[in-house]
Amino acid sequence: MSIRIEKQGQAMIVRLDNPPVNAIGHAMRLGLRDVLDQLDGGVDRVVVTGAGSAFAAGADAREFDAPPAEPHLPDVIAALEQCPVPWIAAINGVALGGGAEIVLGCGYRIAAPGAQIGLPEVTLGVIPGAGGTQRLPRLVGMKAALDIIPQGKALKADEALAVGLIDQIADDPLQAALALDLAIVSDRPAVSAMPAPGRDDEAIAAARDAANRKMRMQTAPQRAIDLVALSAELPFDDAMQQERAAFLELRQLDQARALRHAFFAERGAKAPASLKDVAPVDVRSAIVVGGGTMGAGIAYALDRAGIAVTIVENDQGAVERAGVNIARLAEAAEKRGLMSAAQSAEVKQRIAVVEGYGALPAADLAIEAVFEEMAVKHAVFSALEKALPAHAVLATNTSYLDVNRIAAVLSAPSRLVGLHFFAPAHIMKLLEIVEGEATSDVALATGFALAKRLKKIPVLAGVCDGFIGNRILTRYREQADMLLLDGATPWEVDEAMAAFGYAMGPYETQDLSGLDIAYANRKRKAETRDPARRYIAIQDRMVEQGRLGRKTGVGWYRYPGGGGKVVDPLIEDLIREEAHFAKVARREFSAGEIRERLLAAMINEAAAILDEGIAAAAADIDLVTLHGYGFPRWRGGLMHYADTVGAGAIHERLQRYRKEDPVVWRISPLIERLAESGGRFADVKPAE
Ligand code: T1G
């Protein structure tokens, strides 16, 4: 029943017990109601606590697609709040969402020092639906409640004590609850009976502004603010009805469905079932070849995961530069309070940087992050194969070179796997794990085990140009450039995609990363480019004019200093000139059409990636677009969004575009099949 009951003297201990994190499902609500129904005179207190490391992770979000089943959590909490026997919360671990709302319904709240209490419902596109919007402001005041709920914050125990959310911190909250003098509890009103907070228009306005900035275009945070504000206006029971109605409405909206999808997709990102009996290499020591930005970031991430790491560079100057890069990362972490000065010094001292392969430790894993040139990669792997023990897994961080061709230089190509990190490697959670034709199960399993240790989100990718993310990005950028030639401006494109939910459009993003990277990529592919495919040379001309983006102070935009950007009429002239050479009759594009075309181009490419088996599932493509390419999280990822549009509607758009250019708009057969069958990308199974 997800509840375990234990009598100790006159106390009844109720353990919320639904491993692994005590999500509050129907069974637990029934169990709590049974406790309330069966309480007899022999009990002077009920202590509610969590089994295992969590108190409760909140309502079971897997139930949100089904009709609500009684008893509803707000009713259970109201009953425990009004229970003649006082309920005391012994908060042993995370108490989130409905877990925190149970705590708010209790008469006294004791937390362990490491506990966290919070109401993160807005991160799932809903609002606290079991009294949180009404009890929290009564307990901690309007301002503190508006700082917690609209951004889905969780407070550490000391922070919760400081705002009055809990009454006490104890090493053993259960024992403290059992020993509590009940007079303290009986003398105080239930939280719902506490005086309503005063209205605080300034705090409300500040909360709305913060939500507009940090949770732009999201519905739930604004609705949460409405409800918290209501706690100053309406009697508790009336406001509770509005809270309930809002929760039931929000949980069925696209945004909540998308955020739930993202939440569960992230937790489903694990090694494929085929590897379940494969023992990965136990990585205790690793080599990173290349101490540039990426290599240093990877080395730093490995060190933070407790792996002994040595960076290899090929001359003394590069060794020193690598040391500087590591120092920069450690000092930045120290500045942000993520580590002490002593810890920062230890990192700098612990991460070794050596010249050449002469005296490497017997590492279990090597990751190269060197120049994207096949000959350079081959030299590195030949040297690694000689220098490391035979069990060591060899990994390439290449963004787009052919992993099979890289592996061909090895006498044992099965040792090689692609580990495509995203910059900054110690922060970005996405890790594309690329399976070459020869990659062994052990090498692959080692990649997934490493992702888990680094707390990254692993996505299995097959070998193709750009794997999953960069292949989609290439189509996104190509289609955007075509819109420029045909009549749009870079700023119209950026504004259109910002209005879709991206923090930044494609052109402002390119200015950030630098136009020279894509330029080199286009040059690399020049000989194999399909002559029948329309080619846009705007960016080539920009790079050749030295307009590389922020790093040169001018790219698509001009950056006059001070961080701002301004549009640059010279770019419009350059685009018009290219259109003239291409004999293109330019026209206006609405923001809607810009969005439709760019998204259709990405979805079409993603469908091909899925159909070819480069990605194993649509949800994997969602994780890549969410965690590597800035796709708005409240849209759930590219393929989740595509399913909200529907394959049929996408197919119609592609058919229209194909009339203009049958090469660029060749329609993925998967989209044609789904349009025909009415199926969803989410249900596409990996090709056998
Ligand atoms: N519902 C269903 N399953 C959940 C869950 C939840 N709320 N939280 C976790 N799980 C599953 C998760 O999918 C995974 O499953 C396993 O538990 C371990 O999770 C009425 C409406 C608590 C900080 O938003 O933030 O309450 O992969 O890998 O890293 O007002 O889970 O093992 O099959 O994340 O230790 C509000 C969501 C809900 C908190 C633990 N609560 N959870 O992190 O483990 S809405 C939340 C988390 C609500 C009320 C409202 C984290 C965690 P599997 P995990 P973790």
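Residues numbered from 1 in each chain as written. Predicted model: local features only at pLDDT ≥ 70, side-chain atom pairs only at ≥ 80, totals over all residues. Heavy atoms only, no water.

J.: Would you mind showing me how to read the overall build of the protein chain here?
T.: Along the protein chain, the regular secondary structure elements total 29 helices and 19 strands. Expected size for 688 residues packed as a compact globule is a radius of gyration near 26 Å; at 28 Å, the protein chain falls within 12% of this value. In terms of overall dimensions, the protein chain has C-alpha extents of about 85 × 65 × 55 Å along its principal axes. Classification of the 688 residues of the protein chain by burial places 54% in the buried group. Pairs at least 24 apart in sequence give 73% of the contacts found in the protein chain among residues at least 6 apart. With the model as given, the accessible surface of the protein chain reaches about 28,600 Å², and the carbon-plus-sulfur share is 54%. Averaging the coordinates of the 76 positive side-chain charges in the protein chain and doing the same for the 89 negative ones gives two points 2 Å apart. (Helix = DSSP H or I, 4+ residues; strand = E, 2+ residues; numbered from the N terminus. Rg over C-alpha atoms; globule rule 2.2 N^0.38 Å. Buried < 20%, exposed > 50% of the residue type's maximum accessible area, 1.4 Å probe, protein only. Contact = heavy atoms within 4.5 Å. Areas by Shrake-Rupley, 256 points an atom, 1.4 Å probe, with all protein chains shown as cover. Lys, Arg positive; Asp, Glu negative; His and termini not counted. Charge placed at Lys NZ, Arg CZ, Asp CG, Glu CD.)

J.: How should I be thinking about the site of the ligand in this particular structure?
T.: Not every one of the 24 residues close to the ligand is listed here, only the nearest: Ala59, Glu101, Glu121, Gly129 and Arg267. In this structure, an oxygen atom belonging to the ligand sits 2.7 Å away from a side-chain N or O atom of Glu121. Between an oxygen atom of the ligand and a side-chain N or O atom of Arg267, the distance comes to 2.7 Å. If the ligand stood free it would expose 990 Å²; the protein chains cover 74% of that surface. At the level of secondary structure, the elements contributing two or more residues to the shell around the ligand comprise α3 (98-105) and α12 (254-267). Per-element accounting of the shell around the ligand gives the leading share, three residues, to α12. A per-class count over the shell around the ligand returns 14 nonpolar, four polar and six charged. (Near = heavy atom within 4 Å. Polar contact = N/O pair within 3.5 Å; in protein donor to acceptor, adjacent residues only side chain to side chain. Nonpolar A, V, L, I, M, F, W, Y, C, P; charged D, E, K, R; others polar.)

J.: Any chance you could explain the pattern of salt bridges here in plain terms?
T.: Here the idea is simple: oppositely charged side chains can pair when their charged atoms come close. All chains considered together, the criterion is met by 51 salt bridges. Residue Asp17 is joined to Arg4 by a salt bridge in which the shortest nitrogen-to-oxygen separation is 2.8 Å. One end of the pair, Asp17, is in the loop between β2 (11-16) and α1 (26-38); the other, Arg4, is in strand β1 (residues 3-8), and 13 residues separate them in sequence. The shortest N-O distance in the salt bridge between Glu605 and Arg475 comes to 3.1 Å. Residue Glu605 is found in helix α25 (residues 591-611), and its partner Arg475 is found in helix α19 (residues 469-486); the two are separated by 130 residues along the sequence. Taken together, the shared-partner salt bridges in this structure form one network comprising Arg471, Arg475, Glu478, Arg533, Glu605 and Glu612. (Salt bridge = Lys/Arg side-chain N within 4 Å of Asp/Glu carboxyl O.)

J.: Quick question: what am I supposed to make of the sheet that holds β2 here?
T.: Either a parallel or an antiparallel arrangement is found when strands of a sheet pair, and the pairing is made through backbone hydrogen bonds. Pairing within the open sheet is mixed, and its six strands lie in the order β1-β2-β3-β4-β6-β9. Every other strand in the sheet has two partners, leaving β1 and β9 (168-169) as the edge strands with one partner each. (Pairing = 2+ DSSP bridges.)

J.: Honestly, the domain arrangement of the protein chain in this entry has me stumped. Any pointers?
T.: Frequently, the measure chosen for interface size is the accessible area removed from exposure when the parts meet. Partitioning the protein chain into structural domains gives domain 1 (3-252), domain 2 (282-461) and domain 3 (469-683). Computed from C-alpha atoms alone, the centre-to-centre distance between domain 1 and domain 3 is 44 Å. (Domains from an automatic or database assignment.)

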